[in-house]
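Given next are the chains, with one letter for each unit.
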Amino acid sequence: MAQVSAQAETIHAQALVIGAGPVGLFAVFELGMVGISAHVIDILPHAGGQCVELYPDKPIFDIPAQPRISGAELAERLLQQIAPFEPTFHFNESAQVLERIPQEEGGGFIVSTASGKRFRTPVVVVAAGSGAIVPKRPPLKRLEEFEEKSVFYAVRDPEQFRGRRIVVAGGGDSALDWAIELAPHAERLTLLHRRQEFRAAPASVERMRQMVEAGQMDFRLGQICGLVGENGVLQAVQARHQGETFEIPADACLLFFGLAGRLGALAQWGFEMQGGQIAVNTENFETSIPGVFAIGDVCTYPGKLKLILSGFHEAALMAQKAARYVFPGRHVSFEHSTSSTILAKKLHQG
Amino acid sequence: MVRIVFIDPDGKRHEVDAEEGMTLMEAAVQNMVPGIDADCGGGCACATCHVYVDPAWQEKLPELFERNEAEEDMLDFAFDVRENSRLSCQIKVTAELEGLELQVPEQQG
Ligand SMILES: Cc1cc2nc3c(=O)[nH]c(=O)nc-3n(C[C@H](O)[C@H](O)[C@H](O)COP(=O)(O)OP(=O)(O)OC[C@H]3O[C@@H](n4cnc5c(N)ncnc54)[C@H](O)[C@@H]3O)c2cc1C
Ligand code: FES
């Protein structure tokens, strides 16, 4: 069936922004200001990047003219701010492959996603932060064998755990919430955590302790160190505590160790990298591939700071150069938002 | 300059010159030591800068093994946490650390 996706319809875009974190979102604004309308893809189901995924409720204090704003609020306001430019979002899509189109065939790029969507565009803006934000995977032998068969990082269908022996490993809110939710339906549920303290909502910790007390759930101190089973069928989870190793019989295991960034396929796109980040020049934030830009946490240059503020600045300079690829030959003049005719038109339409 | 040695999971030694006042994480990242991902850039919010401190230092510098509360919480999101586990973004380089050896774990996540 690979054929089908290879021939899937190609979406023509003036610019493709990879990553809907704060910097990718603001890039839509700056591109809009020079007359470019953007498509934005993100592997997550929603916009906001780290701000929404990692710290939605934490206040941020260093956004200019915003004395205090939470991660989630910042994303919400950015979405409002860019709405007049009508970006097209494609969520749950991860950018995988970058192809260069030869000049004689019109130049530019085709970016394809894991699901087979294809974008043809003269400008690619990589705003991928520290990469796809994915669940952390423990370094366990033969882990792949079990993943998505008996070892999971999320619960999609709680029913699949009914009547089974489950181990939930971790000590944060996700671990506790799911342990509490699944325990009543499981044959036996064991919560495995490295210490007595939990970094989670006090009410959940309280509830969990009550359930342990009432015999509705087991709690074991320890850290996961192995999986026992065959062909993806789990028999037991191995754990260690203070030098002692033990096994907990289990049919399924849920791992909640938070999220980490993985640049993945992007790192192989052929641009110059430096210590895991994409090298750019600070005049226009272009990478070593002309027409491909990198802004925000994903880029690096002498003196780079991983701040939202810096990403916003990078977006503004990027857009000036991007316009030269989208509108070759046309002079793009710099405009203030207060007097921008493009923006005024967009705002009136909305 | 303070000499710090990071030993990667393959056993390879990376000797770096760290400036006093920077964190051990920054020293690792600036010198491209593999395995110190430091996703959150030192915010004590990712636990991908986990290191094991050479236990031989326990006697000489016991503070080096004392984790702060936020760090202890964050280590819940690291793997194979041991008594000598630290988040390298939570340790400032001082002259006292000259020659310190840190083991980088097999995987940060
Ligand atoms: C706890 C914490 C507190 C912080 N506090 C502050 C603060 O006070 N002030 C400040 O300025 N900064 C702060 N930061 C840093 C700030 O959040 C980052 O600098 C900012 O999020 C970077 O924005 P970004 O858009 O470059 O990347 P991100 O926010 O990381 O967004 C990148 C997006 O790209 C997507 N993506 C990645 N790869 C792909 C792919 N291949 N295909 C499709 N999508 C992809 C990801 O899913 C993600 O949504 C903090 C960070 C943390 C973790
Ligand atoms: S760099 Fe993220 S916790 Fe140390």
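Basis of the calculations
- Residues numbered from 1 in each chain as written.
- Chains lettered and ligands numbered in written order.
- Predicted model: local features only at pLDDT ≥ 70, side-chain atom pairs only at ≥ 80, totals over all residues.
- Heavy atoms only, no water.
- Helix = DSSP H or I, 4+ residues; strand = E, 2+ residues; numbered from the N terminus.
- Buried < 20%, exposed > 50% of the residue type's maximum accessible area, 1.4 Å probe, protein only.
- Contact = heavy atoms within 4.5 Å.
- Areas by Shrake-Rupley, 256 points an atom, 1.4 Å probe, with all protein chains shown as cover.
- Lys, Arg positive; Asp, Glu negative; His and termini not counted.
- Charge placed at Lys NZ, Arg CZ, Asp CG, Glu CD.
- Phe/Tyr/Trp six-rings, centres within 6.5 Å; stacked < 30°, edge-to-face > 60°.
- Lys NZ or Arg CZ within 6 Å of the ring centre and 35° of its normal.
- Buried area = accessible area lost by both parts, 1.4 Å probe.
- Salt bridge = Lys/Arg side-chain N within 4 Å of Asp/Glu carboxyl O.
- Polar contact = N/O pair within 3.5 Å; in protein donor to acceptor, adjacent residues only side chain to side chain.
- Pairing = 2+ DSSP bridges.
- Domains from an automatic or database assignment.
- Axes fitted to C-alpha atoms, helices over the stretch in contact; angles between N-to-C directions.
- Core = buried A, V, L, I, M, F, W, Y, C linked by side-chain atoms within 4.5 Å.
- Near = heavy atom within 4 Å.
- Expected span 1.5 Å × (residues − 1).
- Bend = angle between axes of the 7 residues up to and from the residue.

### Section: the overall build of chain A
Part 1 of the reasoning: For chain A, the count of helices and strands is nine helices and 24 strands.
Part 2 of the reasoning: Every one of the 350 residues in chain A was classed for burial, and the buried ones make up 50%.
Part 3 of the reasoning: Here the analysis covers contacts within chain A between residues at least 6 apart in sequence; of these, 59% occur between residues at least 24 apart.
Part 4 of the reasoning: Taken as a whole, chain A presents about 16,900 Å² of accessible surface, with 50% of it coming from carbon and sulfur.
Part 5 of the reasoning: Across chain A, 32 positive and 37 negative side-chain charges occur, with their mean positions spaced 2 Å apart.

### A short note on the packing of aromatic side chains
Part 1 of the reasoning: What the rule picks out here adds up to ten aromatic pairs over all chains.
Part 2 of the reasoning: Relative to Phe-91 of chain A, the ring of Phe-89 of chain A lies with its centre 5.3 Å away and its plane at 5°, an arrangement referred to as stacked.
Part 3 of the reasoning: Taking relative accessible area as the criterion, Phe-91 of chain A reaches 25% and is therefore assigned partly exposed.
Part 4 of the reasoning: Within the aromatic cluster, the residues linked to one another by ring pairs are Phe-26, Phe-29, Phe-85 and Phe-312 of chain A.
Part 5 of the reasoning: A cation over a ring is seen here: Arg-220 of chain A above Phe-246 of chain A, with NZ or CZ 4.1 Å from the ring centre.
Part 6 of the reasoning: For the cation-ring pair, Lys-60 of chain B lies above Trp-57 of chain B, with the distance from its terminal atom to the ring centre recorded as 3.9 Å.

### Observations concerning the interface of chain A and chain B
Part 1 of the reasoning: In this assembly, 22 residues from chain A lie in contact with 21 residues from chain B.
Part 2 of the reasoning: Summing the contributions of chain A and of chain B, the shared interface buries around 1,900 Å²; its carbon and sulfur component is 49%.
Part 3 of the reasoning: For the pair chain A and chain B, the number of links is five salt bridges.
Part 4 of the reasoning: Of the charged contacts in the structure, one is a salt bridge between Asp-76 of chain B and Arg-194 of chain A, with a shortest N-O distance of 2.6 Å.
Part 5 of the reasoning: Linking chain A with chain B are eleven residue pairs in polar contact (both at pLDDT 80 or more).

### Comments concerning the sheet that holds strand E21 (residues 273–274) of chain A
Residue and element names in this part refer to chain A.
Part 1 of the reasoning: Strand order in the open sheet made by the three strands is E21-E22-E24, with mixed pairing throughout. On the outer flanks of this sheet lie E21 and strand E24 (299–300), each paired with one strand and no other.
Part 2 of the reasoning: Relative to strand E22 (residues 277–279), E21 is paired through two bridges, and the arrangement is antiparallel. Its bridge partner being in E22, Gln-274 is matched across the sheet by Gln-277.

### Considering the domain arrangement of chain A
Part 1 of the reasoning: Taken as a whole, chain A is organised into domain 1 (2–133 + 260–349) and domain 2 (137–257).
Part 2 of the reasoning: Between domain 1 of chain A and domain 2 of chain A, the C-alpha centre-to-centre distance is 38 Å.

### A closer look at the sheet that holds strand E9 (residues 118–121) of chain A
All names here are of chain A.
Part 1 of the reasoning: Within the open sheet, the four strands sit side by side as E1-E9-E8-E7. Their pairing is mixed. Looking along the sheet, the strands with just one partner apiece sit at the ends: strand E1 (10–12) and strand E7 (95–100). The sheet shows a mean angle of 25° between the axes of neighbouring strands, direction not considered.
Part 2 of the reasoning: Across three bridges, E1 lies against E9 in parallel orientation. Looking at the pairing, His-12 lines up with Arg-120 of E9.

### Let's talk about unusual backbone geometry
All names here are of chain A.
Part 1 of the reasoning: The phi dihedral of Ala-65 is positive, around 65°, even though this residue is not glycine.
Part 2 of the reasoning: For Ala-65, the position within the fold is in the loop between strand E4 (59–60) and strand E5 (69–70).
Part 3 of the reasoning: On the basis of relative accessibility, which here comes to 79%, the residue Ala-65 falls in the exposed class.
Part 4 of the reasoning: One non-glycine residue, Asn-231, adopts positive backbone phi at about 50°.

### Digging into the nonpolar core
Part 1 of the reasoning: If you look at the biggest cluster of nonpolar residues, it comprises 63 residues, and the most contacted ones within it are Leu-31, Ile-36, Val-124, Val-126, Trp-269, Ile-295 and Met-318 of chain A.
Part 2 of the reasoning: Those residues within four positions of Val-124 of chain A in sequence are excluded, and the remaining contacts are Leu-16, Ile-18, Leu-98, Phe-109, Val-111, Trp-269, Gly-291, Val-292 and Phe-293 of chain A.

### Focus: the side chain of Thr-23 of chain B
Part 1 of the reasoning: Following the sequence through the fold, Thr-23 of chain B ends up in the loop between strand E2 (13–18) and helix H1 (24–30).
Part 2 of the reasoning: Classification of Thr-23 of chain B by relative accessible area gives buried; the value is 9%.

### Looking at helix H6 (residues 173–182) of chain A
Part 1 of the reasoning: Where H6 of chain A is concerned, the buried positions are Ala-175, Leu-176, Ala-179, Ile-180 and Leu-182 of chain A.
Part 2 of the reasoning: Residues of H6 of chain A that are buried make contact with strand E13 (165–169), strand E14 (188–193), helix H7 (202–213) and strand E19 (252–255) of chain A.

### Details of the site of ligand 1
Part 1 of the reasoning: Around ligand 1, the structure places 33 residues, and the nearest of them are Asp-42, Tyr-55, Asp-62, Asp-297 and Ile-308 of chain A.
Part 2 of the reasoning: The residues that come close to ligand 1 belong to more than one chain, namely chains A and B.
Part 3 of the reasoning: One nitrogen or oxygen atom from the side chain of Asp-297 of chain A is found 2.8 Å from an oxygen atom belonging to ligand 1.
Part 4 of the reasoning: For ligand 1, whose free accessible area comes to 1,000 Å², the fraction covered by protein is 91%.
Part 5 of the reasoning: Take the shell around ligand 1: its biggest share by element is three residues, from helix H2 (residues 22–33) of chain A.

### Some words on helix H8 (residues 308–326) of chain A
Part 1 of the reasoning: The end-to-end C-alpha separation of H8 of chain A is 26 Å, in line with the 27 Å expected for 19 residues at 1.5 Å each.
Part 2 of the reasoning: At Gln-320 of chain A, H8 of chain A is deflected by roughly 25°, the largest bend along its length.

### Some thoughts on the pattern of salt bridges
Oppositely charged side chains may form a pair once their charged atoms are brought near each other.
Part 1 of the reasoning: Tallied over the entire structure, the rule returns 25 salt bridges over all chains.
Part 2 of the reasoning: For Glu-197 of chain A, the salt bridge is made with Arg-195 of chain A, and the minimal N-O distance between the two is 4.0 Å.
Part 3 of the reasoning: In this structure, Arg-195 of chain A engages Asp-73 of chain B in a salt bridge whose closest nitrogen and oxygen atoms are separated by 2.7 Å. Placement of Arg-195 of chain A in the loop between E14 and H7 and of Asp-73 of chain B in helix H2 (residues 69–74) is noted, with the two residues assigned to different chains.
Part 4 of the reasoning: Taken together, the salt bridges that share partners define one network made up of Arg-194, Arg-195 and Glu-197 of chain A together with Arg-67, Glu-72, Asp-73 and Asp-76 of chain B.

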